[in-house]
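# Close look at the chain arrangement
Take a look at the letters that make up each chain.
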Amino acid sequence: QVQLVESGGGLVQAGGSLRLSCAASGRTFSTYAMGWFRQAPGKEREFVAGISWTGRQLYYADSVKGRFTISRDNAKITVYLQMNNLKPEDTAVYYCAARPSVVVVTTVSEYDYWGQGTQVTVSS
């Protein structure tokens, strides 16, 4: 069982930066693939970034490549999402998710555990 708690969201102007954190509980965190997803009002939840349990495989949605960076610290049981050059279209609730696998996938239904989400709002 894994519990996830996101933090770091907020209001920022376009071009600004935010760093999201996802604190996890559970002794097996290091064996979980982790992902960040987001959901804007009226839209489906979408994949943003994913990281393998080793941290060596990284995946990004095309819309955030070059601007967002996912990382993890297994000792601190935390996953991060550094978001730079934010755009108004990045406005959404951001969710952290975990799956007990070495494989990172982009599908919402493949993740077993979810956080409560943190709001990111980018003003123009």
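As shown above, the structure is provided for reference.
### Remarks on the pairing of strand E1 (residues 3-7)
- Covered by surrounding structure in E1 are Leu 4 and Glu 6 only, the residues Gln 3, Val 5 and Ser 7 on the alternate face being uncovered.
- In this sheet, strand E3 (residues 18-25) lies alongside E1 in antiparallel orientation, the contact comprising five bridges. Residue Val 5 lies in a different strand from E3, and its bridge partner there is Ala 23.

### Some details on the state of the cysteines
- Taken as a whole and judged by the stated rule, the model has one disulfide.
- Paired through a disulfide, Cys 22 and Cys 96 show a sulfur-sulfur distance of 2.1 Å. Where Cys 22 bonds to Cys 96 through sulfur, the torsion about that S-S bond is close to -75 degrees, and the disulfide is left-handed. Of this pair, Cys 22 sits in strand E3 while Cys 96 sits in strand E9 (residues 92-99), placing them 74 residues apart in sequence.
- A residue is classified by how much of its surface remains accessible, and Cys 22, at 0% relative accessible area, is buried.
- For Cys 96, a relative accessible area of 0% translates into the label buried.

### Some points on the sheet that holds strand E8 (residues 78-83)
- Taken together, the four strands give an open sheet; going across it, the order is E1-E3-E8-E7, and neighbouring strands pair in antiparallel fashion. Looking at the sheet topology across the chains shown, the edges are occupied by E1 and strand E7 (68-73). The sheet shows a mean angle of 15 degrees between the axes of neighbouring strands, direction not considered.
- For E7 and E8, the ladder comprises six bridges, and the chain directions are antiparallel. The residue of E8 that forms the bridge with Phe 68 is Met 83.

### Thoughts on the packing of aromatic side chains
- Tallying each qualifying case throughout the model produces six aromatic pairs.
- With a centroid separation of 5.1 Å and 75 degrees between ring planes, the pair formed by Phe 37 and Tyr 111 is classed as edge-to-face. With Phe 37 in strand E4 (residues 33-39) and Tyr 111 in the loop between E9 and strand E10 (113-114), the pair connects residues that are 74 residues apart, well separated along the chain.
- The class of Phe 37 is buried, set by a relative accessible area of 0%.

### Concerning the side chain of Thr 78
- Looking at where Thr 78 falls in the secondary structure, it is placed in strand E8.
- For Thr 78, a relative accessible area of 10% corresponds to the buried category.
- Reaching out from Thr 78, the side chain makes a polar contact with the backbone oxygen of Lys 76 at a distance of 2.9 Å.
- Beyond its immediate chain neighbours, meaning those up to four positions away, Thr 78 contacts Ser 21, Cys 22, Ala 23, Phe 29, Ser 71, Arg 72 and Asp 73.

### What about unusual backbone geometry?
- At Ile 77, a residue that is not glycine, the phi angle is positive and equals roughly 55 degrees.
- By the secondary structure assignment, Ile 77 is in the loop between E7 and E8.
- The partly exposed category is assigned to Ile 77, whose relative accessible area is 26%.
- A positive phi angle, close to 50 degrees, is found at Asn 85, a residue other than glycine.
- Among the structural elements, Asn 85 can be located in the loop between E8 and E9.
- On the accessibility criterion, Asn 85 (42% relative accessible area) is partly exposed.

About the criteria used
- Residues numbered from 1 in each chain as written.
- Predicted model: local features only at pLDDT ≥ 70, side-chain atom pairs only at ≥ 80, totals over all residues.
- Heavy atoms only, no water.
- Buried < 20%, exposed > 50% of the residue type's maximum accessible area, 1.4 Å probe, protein only.
- Helix = DSSP H or I, 4+ residues; strand = E, 2+ residues; numbered from the N terminus.
- Pairing = 2+ DSSP bridges.
- Disulfide = S-S within 2.5 Å.
- Axes fitted to C-alpha atoms, helices over the stretch in contact; angles between N-to-C directions.
- Phe/Tyr/Trp six-rings, centres within 6.5 Å; stacked < 30°, edge-to-face > 60°.
- Polar contact = N/O pair within 3.5 Å; in protein donor to acceptor, adjacent residues only side chain to side chain.
- Contact = heavy atoms within 4.5 Å.

These figures capture arrangement, not role.
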